[in-house]
Amino acid sequence: MISIWDANVELKIDDRFHVIRSAREAVAFLKKSWPDNRSASYATARKVCLDAANGVVPGAEARAAFEAAAKEAGILRTNVTSPRSE
């Protein structure tokens, strides 16, 4: 079963927007669409998102790692609102 994150991670690369909603989507994006500037946070995000996609770690941990890597890469869309509290 695919676990959808509580809040999307929105990215902007070359005037194109991307919305990542789960660890599986994050893994696909990391493999196919990530910019060439791949740092240690990229490697961490890839491992944690793979683990989350396989049910080894919580989705929230994967989302945080993915968001941190996107921020470091300069592709995180920063004017996104935070998740609603219920």
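Preceding block: the structure.
For clarity, every value in this text was computed on a predicted model and none was experimentally measured. (Residues numbered from 1 in each chain as written. Predicted model: local features only at pLDDT ≥ 70, side-chain atom pairs only at ≥ 80, totals over all residues. Heavy atoms only, no water.)

A. Quick look at unusual backbone geometry. Within the chain, Asp14 stands out as a residue other than glycine whose phi angle is a positive 50°. In this fold, Asp14 is placed in the loop between strand S1 (4–13) and strand S2 (16–22). Residue classification places Asp14 among the exposed residues on the basis of a relative accessible area of 71%. Positive phi, normally seen in glycine, also occurs at Asp15, with a value near 65°. Looking at where Asp15 falls in the secondary structure, it is placed in the loop between S1 and S2. According to the relative accessible area criterion, Asp15 is exposed, its value standing at 66%. (Helix = DSSP H or I, 4+ residues; strand = E, 2+ residues; numbered from the N terminus. Buried < 20%, exposed > 50% of the residue type's maximum accessible area, 1.4 Å probe, protein only.)

B. Structural detail: the packing of helix H1 (residues 23–32) against helix H2 (residues 40–53). Two elements in contact, H1 and H2, have axes whose closest approach is 8 Å; the angle formed by their N-to-C orientations is 140°. As H1 runs across H2, the sense of the crossing is left-handed. Contacts between H1 and H2 involve Ala23, Arg24, Ala26, Val27, Leu30 and Lys31 from the first element and Tyr42, Ala45, Arg46, Cys49, Leu50, Ala52 and Ala53 from the second. Among the residues making up the contact of H1 with H2, the classes are represented as ten nonpolar, no polar and three charged. (Axes fitted to C-alpha atoms, helices over the stretch in contact; angles between N-to-C directions. Left-handed = near helix turned anticlockwise from the far one by under 90°. Contact = heavy atoms within 4.5 Å. Nonpolar A, V, L, I, M, F, W, Y, C, P; charged D, E, K, R; others polar.)

C. Main features of the pairing of S2. Judged from the six bridges that link them, S1 and S2 form a sheet pairing that is antiparallel. Considered in S2, the bridge of Val9 is made with Ile20. (Pairing = 2+ DSSP bridges.)

D. Fine view of the packing of aromatic side chains. Tallied over the entire structure, the rule returns five aromatic pairs. Note on Phe29 and Trp34: the rings are 6.1 Å apart at their centroids and 85° apart in plane angle, and the pair reads as edge-to-face. Exposure remark for Phe29: the relative accessible area of 6% places this residue in the buried category. Trp34 sits in the buried class, given a relative accessible area of 4%. Here the aromatic rings of Trp34 and Tyr42 are separated by 5.8 Å at their centres, their planes lie at 45°, and the arrangement is tilted. A single burial state applies to Trp34 and to Tyr42, both of which are buried. Among the aromatic residues, ring-to-ring pairing joins Trp5, Phe29, Trp34, Tyr42 and Phe66 into one connected group. (Phe/Tyr/Trp six-rings, centres within 6.5 Å; stacked < 30°, edge-to-face > 60°.)

Limitation: the analysis is restricted to geometry and does not speak to function.
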